[in-house]
Amino acid sequence: MQGVAHVNKYLIELKGIHKVFGTNAVLNDINVGFEEGCFVTFLGPSGCGKTTLLRTIAGFYRPDGGEVWIDGKRVDMLPAHKRNTPMVFQEYALFPHLNVFDNVAYGLRLQKLPRKEIESRVREALDLTNMAQFKDRSPNQLSGGQQQRVAIARAIVMQSKILLLDEPLSNLDAKLRESVRVELRMLQRQLNRTFIYVTHDQSEALAMSDVIVVFNKGRIEQVGSPMEVYFKPVTKFVADFIGVSNFIEGKARVKDGSVMLEHAGRSFSGLTTSDFKDGDHAIFSIRPESITLGKSECTFDSQACLPVRILQGMFIGEKVRYVVKDQVGMDWVIDQHDTQEVLTGDAYISIPPDKAHVIKE
Amino acid sequence: MVQTQVKERKGFLNQARNVLSDPSLLIMLAIAFAFVGLFIIYPLAKLMANTTLETWRNFFTKMAYRRAYARTVYSSLLSAFTATALAFLYAYSIEYTEIKFKKFFRFIAFLPMLAPSSMTGMALIMLFGRNGLLTTKLIGVEVEIYGLPGIWLAQTIAFFPMAFVAISAVLRAISPNIEIAAQNLGAKGTELFRTVTLPLAAPGVLSAFLLVFINAMSDFANPKLLGGLFVTSPVQAYGVVTGDADFGMAATISAMLLIPSLAIFLIQAYIMSKKSYVTVTGKPVAGLKRITMGKGAEIVSQVYVFLVAALFFMVIGIVAFFAFADPKAYYLGKFVFTLKGFTETMTFNAYTFRNSAIIATAAGILASVVGLLLAFLNSRKDFPGKKILDFSAILPNTLPATFLSLAFLLSFQRMLTLGPIPILPKLTKTIFIMIIIQAVRQLPIGYRNALSGFKQIDKSIEEAATNLGANVGKTISSIVLPMLRPAFISSAVYNFISAMIAVSVIIFVVTPQWNVASIVVYSRADSGYYSEAGAMSIAIMAIILGTLWLVNFLSRGRIKVFD
Ligand SMILES: Nc1ncnc2c1ncn2[C@@H]1O[C@H](COP(=O)(O)OP(=O)(O)OP(=O)(O)O)[C@@H](O)[C@H]1O
Ligand SMILES: [Mg+2]
């Protein structure tokens with residue numbers, strides 16, 4: 001067992017959480033901790049258990065195994081109303097019979113705070129969310145985005161060190177979503193609280209988070225910074241789920257600390273964070289933007305170079321995206337920035353040695 | 001990695017542990033189970049315990065009992081059939097045609113529900129009886145209204161609103177889209193009715209029929225007033241208790257009344273759990289109207305609803321006539337109108353109105369509160385015994401009214417003890433038994449209303465309250481109650497009205513000190529004092545109409561009791 005120091009390191013710690021609905025194991029041995037002041041994102045495909053874990057932290061579900069620790073106290077036996085883990089619901093869940101001010105004041109009134117204090121704290125929360133001028137409106141007189149802000153104000157007014165958000169932006173249109181995203185991140189920095197934010201939108205996760213927790217089928221695939229999960233995915237699932245990637249697989253050879261792999265008669269080398277022995281199965285993940293496409297054969301020996309046929313080239317704003325087929329029949333996705341033309345026909349792709357990330361599985 | 005199989009924490013112990021961790025939930029469960037256990041399950045068991053082998057043998061060997069039972073069944077079938085058929089035509093006319101004054105005719109459909117059901121029976125006697133206004137006095141013929149024809153006609157009118165409510169709800173739930181789609185495919189007129197509307201409405205119509213049947217089976221007042229020699233089981237049970245004080249025999253007769261309704265209840269519950277195409281909805285598209293009838297059929301509909309309304313007005317009219325006609329002059333064939341009889345009756349029976357008001361108000365509120373509590377627990381919480389609670393909450397709808405009444409009489413004659421610990425004082429001859437039995441009778445309505453209210457509240461709203469620190473009690477008082485207020489008030493008012501007019505359900509537990517107005521209507525009519533009974537009926541109707549008006553006025557039309 002780790003000592004007290006370990007407990008204090010994290011504001012929220014989940015130890016071996018299991019949750020089962022009927023025969024459906026929705027959460028499987030979740031072990032992770034989050035420090036104070038972090039913007040944490042739970043990311044994963046639909047149905048992977050993100051909401052379930054968030055609601056387990058909030059106390060709406062009791063885990064079928066494992067422990068939930070918040071601020072050095074074990075809370076998984078504590079009923080939801082005693083946890084002080086304010087949450088922003090996907091459907092906002094504003095109280096329809098109360099106006100904006102009373103919605104935000106609800107939690108403070110339950111704490112029987114003095115009237116003056118309630119008023120000033122509500123005002124502050126409404127100012128932070130730019131909703132002060134709507135304080136006398138009833139929720140059904142607000143737009144979706146405004147209701148969203150009230151829901152956030154109602155949660156932050158609680159002054160808990162934690163704020164839980166379950167896909168709070170999913171009911172907003174794309175434009176609004178992007179601006180609220182930025183605001184939320186600024187709000188989190190300003191308040192310096194731990195936000196746990198659930199989403200299945202990988203670009204949202206990359207843009208906002210300090211820490212991303214990638215889920216798949218009730219398990220954690222990877223915990224890391226946006227850079228880490230993007231450039232150093234530890235599983236094929238993560239590499240595939242976040243962004244677009246090209247995969248080649250095979251038996252690894254280890255040479256001078258880098259991992260080598262044969263594909264289409266060429267030798268590829270890549271970097272990894274895992275230990276490899278000769279003969280281990282390796283997956284190389286190569287991002288589309290790491291590959292260059294040209295009409296002539298590559299000049300550097302260090303680069304892996306493959307002759308390909310261009311199947312399709314699409315101009316999508318800041319880049320051209322190609323789909324090409326190599327000589328063993330594999331499709332590659334390649335992004336070329338700073339280009340003025342769309343190539344067709346036969347061509348070559350080249351991959352610099354340090355751009356392939358090697359995954360052990 | 002070590003693979004350990006983690007199982008879902010469920011079952012009795014885990015549920016119990018969840019319950020124990022929330023004291024306010026624990027208290028609510030204690031109240032719910034105590035109420036249901038003491039006032040639904042215990043009386044049922046107690047009544048059964050009063051039957052003996054001998055009473056059962058008597059029932060099946062003695063002609064009188066079997067005959068009464070057979071008569072009850074077939075008179076109830078007849079009444080249920082006519083009430084349902086007439087109500088279906090009425091509801092169909094209102095929902096499917098462009099007849100005039102729909103709102104008015106819709107309201108008229110509820111009229112018989114706004115007075116004690118014995119008013120209908122009494123009106124028939126006043127019109128067609130030995131001294132009937134229409135037959136003897138005006139036309140000069142004698143018809144035999146007593147017996148099956150009287151019961152049949154009175155119950156058809158008295159139970160019409162009940163069938164109407166159920167059927168019109170189903171017709172409204174059928175999406176016009178479906179019918180418009182069918183019309184679009186070429187179905188028209190009667191073809192549309194036969195191939196689309198009727199099949200969709202059939203389950204609702206059937207359940208209306210069964211509902212009326214169950215209620216007719218246990219109806220006491222009208223068969224007592226009009227039966228004559230045609231004795232039905234509830235009347236017989238009453239006679240056995242008041243005449244011979246043979247509680248065992250009465251219990252057996254009542255238990256026999258329970259059998260068909262319980263069977264119907266269980267079969268319906270089974271079917272409901274299999275499928276529910278009664279709720280074929282889909283959003284009604286604004287502006288889409290179904291017009292499925294030709295001009296001729298529409299005129300027929302208009303005439304039909306008018307005739308039904310005229311019949312109801314005739315019932316009320318004759319009762320009002322007797323309430324204000326001088327009885328002595330009437331006997332001599334003269335019509336003299338005076339307020340004297342009316343005011344005398346009112347003065348003399350003022351205390352029964354006071355009792356009625358207290359009991360009906362308390363019962364209306366109690367039924368709604370308990371219904372709300374049970375609905376909350378059932379739709380929002382997980383605890384051991386949930387199924388039992390749900391079943392018990394709708395059971396009183398199935399218990400024949402006279403059965404319930406006798407069961408209460410037998411159950412609460414003495415102080416209840418659990419070993420040496422007293423748990424409930426003797427309730428008979430107190431106001432409490434009157435309140436509680438009415439509340440139990442109305443509980444299914446309060447419960448169902450609240451359940452559908454909860455379905456409309458997104459669960460996450462309550463979770464948000466919990467999340468902000470509200471315990472169960474606080475969530476209810478600050479979130480659930482305010483949101484359910486309109487539904488709560490309308491169910492309380494509805495229950496109040498039902499309690500104001502109830503006769504069968506209190507017939508065994510009513511005492512002179514706590515006598516109520518609806519019982520006076522029946523008992524005066526039974527003794528032949530039609531003027532007094534008429535005056536009481538009119539006054540009760542006035543009170544109920546006044547209440548409805550007041551609710552409508554205070555809520556600015558937002559709370560609809562009948563809808
Ligand atoms: N109360 C419940 N009872 C039974 N099964 C449930 C319950 N809640 C969730 N599940 C199941 O658990 C799994 C995970 O659900 P969860 O809501 O946590 O997914 P999610 O990752 O939040 O997905 P989404 O992105 O779609 O919101 C799903 O298969 C879901 O069907
Ligand atoms: Mg979710």
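*Asks:* How should I be thinking about a nonpolar patch on the surface in this particular structure?
*Replies:* On the surface, Ile299, Val303, Phe306 and Leu307 of chain B cluster together into a nonpolar patch covering about 410 Å² of accessible area. One can find Phe306 of chain B in helix H14 (residues 295-324).

*Asks:* Where do I start with the site of ligand 1 in this structure?
*Replies:* All names here are of chain A. Lining the immediate environment of ligand 1, one finds 13 residues, of which Ser46, Gly47, Lys50, Thr51 and Thr52 sit closest. Here an oxygen atom of ligand 1 sits 2.8 Å away from a polar atom, N or O, in the side chain of Lys50. The contact in question runs from an oxygen atom of ligand 1 to an N or O atom on the side chain of Thr52, over 2.4 Å. Of all the secondary structure elements, the ones that give two or more residues to the shell around ligand 1 are strand E2 (24-34) and helix H2 (50-58). Classifying every residue of the shell around ligand 1 by side-chain character gives four nonpolar, seven polar and two charged.

*Asks:* What is the right way to look at the sheet that holds strand E21 (residues 357-360) of chain A in this model?
*Replies:* Two strands in a sheet stick together by hydrogen bonds in their backbones, pointing the same way (parallel) or opposite ways (antiparallel). All names here are of chain A. Strand order in the open sheet made by the three strands is E11-E15-E21, with antiparallel pairing throughout. Strand pairing shows two members of the sheet lacking a second neighbour, strand E11 (246-251) and E21, which therefore form its edges. Neighbour-to-neighbour, the strand axes of this sheet turn through a mean angle of 30°, independent of strand direction. Of the strand pairs in this sheet, strand E15 (residues 281-286) and E21 are connected by four bridges, and their pairing is antiparallel. Counted as the bridge partner of Ser285 is His357 from E21.

*Asks:* I'm lost on the pattern of salt bridges in this one. Help?
*Replies:* Pairs may arise between side chains of opposite charge once their charged atoms sit close together. In the structure shown here, the tally under the stated rule is 24 salt bridges over all chains. A salt bridge links Arg149 of chain A to Glu183 of chain A; the shortest N-O distance between them is 3.0 Å. Taken as a pair, Arg149 of chain A in helix H5 (residues 144-156) and Glu183 of chain A in helix H6 (residues 174-191) lie far apart in primary sequence, 34 residues in all. We classify Glu183 of chain A as partly exposed; its relative accessible area is 28%. Between Glu95 of chain B and Arg106 of chain B there is a salt bridge, with its nearest N and O atoms 3.4 Å apart. Residue Glu95 of chain B is found in helix H4 (residues 63-96), and its partner Arg106 of chain B is found in helix H5 (residues 102-108); the two are separated by eleven residues along the sequence. Residue Glu95 of chain B is classed as buried on the basis of its relative accessible area of 15%. Taking the relative accessible area as the measure of exposure, Arg106 of chain B reaches 12% and is therefore buried. One continuous salt-bridge network, built from bridges that share partners, spans Glu67, Arg74 and Asp76 of chain A.

*Asks:* Help me understand the interface of chain B and chain A in this model?
*Replies:* Often the size quoted for an interface is simply the accessible area lost on bringing the parts together. Contacts between the two partners involve 28 residues from chain B, matched on the other side by 31 residues from chain A. Carbon and sulfur atoms supply 57% of the area that chain B and chain A bury against each other, a total of about 2,600 Å² over both sides. Linking chain B with chain A are one salt bridge. With a closest N to O distance of 2.4 Å, Arg55 of chain A and Glu463 of chain B form a salt bridge.

*Asks:* Even after reading the chapter, I still don't get the confidence of the model for chain A, so can you show me in this structure?
*Replies:* As a general rule, the predicted coordinates of low-pLDDT regions are not to be interpreted in detail. Residue and element names in this part refer to chain A. Considering every residue of chain A, the mean pLDDT works out to 88; 97% of them sit at 70 or more. Confidence, expressed as mean pLDDT per element, reaches its minimum in chain A at helix H1 (residues 4-9) with 55 and its maximum at strand E3 (residues 39-43) with 95. Within the model, pLDDT remains below 50 along residues 1-5, and this stretch shows zero contacts once partners closer than five positions in the same chain are excluded.

*Asks:* How do you make sense of helix H22 (residues 517-526) of chain B when you look at a structure like this?
*Replies:* Every α-helical turn comprises 3.6 residues, leaving residues that sit three or four positions apart pointing alike. All names here are of chain B. Summarising burial for H22: seven of the ten residues are buried, a large majority. On its buried face, H22 is in contact with helix H6 (118-128), helix H11 (221-226), helix H12 (233-244), helix H16 (340-380), helix H21 (472-501) and helix H23 (530-554). Gly528 sits one or two positions beyond H22 and adopts a positive phi of about 90°.

*Asks:* For this particular structure, what's the right way to read the packing of helix H20 (residues 459-467) of chain B against H21 of chain B?
*Replies:* For any two helices packed against each other, the geometry is given by the interaxial angle and the distance between the axes. Residue and element names in this part refer to chain B. Following both chains from N to C, one finds H20 and H21 inclined at 155°, their axes separated by 10 Å at the closest point. If you check the angle between H20 and H21, you find them roughly antiparallel. Between H20 and H21 the crossing geometry is right-handed. Packed against H20, whose contacting residues are Ile461, Glu462, Ala465 and Thr466, the element H21 presents Thr475, Ile479, Val480 and Met483 at the interface. Each residue belonging to the contact of H20 with H21 can be placed in one class, and the counts come to five nonpolar, two polar and one charged.

*Asks:* Looking at this structure, I do not really get the nonpolar core. What am I missing?
*Replies:* One broad rule of soluble globular proteins: the nonpolar side chains tend to lie buried together. Grouped together as the largest cluster of nonpolar side chains are 261 residues, with contacts concentrated most on Leu14 and Phe42 of chain A together with Phe39, Tyr90, Leu377 and Phe408 of chain B. Setting aside chain neighbours within four positions, we find Phe39 of chain B in contact with Ala34, Phe408, Phe412, Leu424, Leu427, Ile436 and Val440 of chain B. Judged by nonpolar contacts, the second largest core, of 27 residues, contains Val259, Phe276, Val320 and Val358 of chain A.

*Asks:* Quick question: what am I supposed to make of the packing of aromatic side chains here?
*Replies:* Think of a pair of aromatic rings as described by two things: how far the centres are apart, and how the planes are tilted against each other in angle. In this structure the tally under the stated criterion is 39 aromatic pairs over all chains. Here Phe110 of chain B and Phe164 of chain B contribute two aromatic rings whose centre-to-centre distance is 5.8 Å and whose plane-to-plane angle is 85°, an arrangement assigned as edge-to-face. Placement of the pair is Phe110 of chain B in the loop between H5 and H6 and Phe164 of chain B in helix H8 (residues 148-173), with a sequence separation of 54 residues. Owing to a relative accessible area of 0%, Phe164 of chain B belongs among the buried residues under this scheme. When the ring of Phe408 of chain B is compared with that of Phe412 of chain B, the centres are 5.1 Å apart and the planes differ by 65°; the resulting orientation is edge-to-face. We note that Phe408 of chain B, like Phe412 of chain B, is buried. By the ring-pair criterion, three or more aromatic residues cluster together here, those being Tyr90, Phe110, Phe160, Phe164, Tyr304 and Phe312 of chain B. For the cation-ring pair, Lys360 of chain A lies above Phe276 of chain A, with the distance from its terminal atom to the ring centre recorded as 5.5 Å.

*Asks:* Could you clarify how one ought to interpret the sheet that holds E2 of chain A in this entry?
*Replies:* Residue and element names in this part refer to chain A. Spatially, the four strands line up as an open sheet ordered E2-E1-E4-E5, and their pairing is antiparallel. Each of the sheet's edge strands pairs with one partner strand only, and the pair in question is E2 and strand E5 (73-74). Relative to strand E4 (residues 65-70), strand E1 (residues 12-21) runs antiparallel, the two being bridged by five bridges. Across the sheet, the residue bridging to His18 is Gly65, located in E4. Set on the sheet, H2 makes contact with E1, E2 and E4; between it and E1 the angle comes to about 120°.

About the thresholds
Residues numbered from 1 in each chain as written. Chains lettered and ligands numbered in written order. Predicted model: local features only at pLDDT ≥ 70, side-chain atom pairs only at ≥ 80, totals over all residues. Heavy atoms only, no water. Patch = residues over 30% accessible without salt bridge, like charges linked within 9 Å, V, L, I, M, F, W, Y side chains within 5 Å. Areas by Shrake-Rupley, 256 points an atom, 1.4 Å probe, with all protein chains shown as cover. Salt bridge = Lys/Arg side-chain N within 4 Å of Asp/Glu carboxyl O. Helix = DSSP H or I, 4+ residues; strand = E, 2+ residues; numbered from the N terminus. Near = heavy atom within 4 Å. Polar contact = N/O pair within 3.5 Å; in protein donor to acceptor, adjacent residues only side chain to side chain. Nonpolar A, V, L, I, M, F, W, Y, C, P; charged D, E, K, R; others polar. Pairing = 2+ DSSP bridges. Axes fitted to C-alpha atoms, helices over the stretch in contact; angles between N-to-C directions. Buried < 20%, exposed > 50% of the residue type's maximum accessible area, 1.4 Å probe, protein only. Contact = heavy atoms within 4.5 Å. Buried area = accessible area lost by both parts, 1.4 Å probe. pLDDT = per-residue confidence, 0-100. Parallel < 35°, antiparallel > 145°, perpendicular 65-115°, else oblique. Left-handed = near helix turned anticlockwise from the far one by under 90°. Core = buried A, V, L, I, M, F, W, Y, C linked by side-chain atoms within 4.5 Å. Phe/Tyr/Trp six-rings, centres within 6.5 Å; stacked < 30°, edge-to-face > 60°. Lys NZ or Arg CZ within 6 Å of the ring centre and 35° of its normal.

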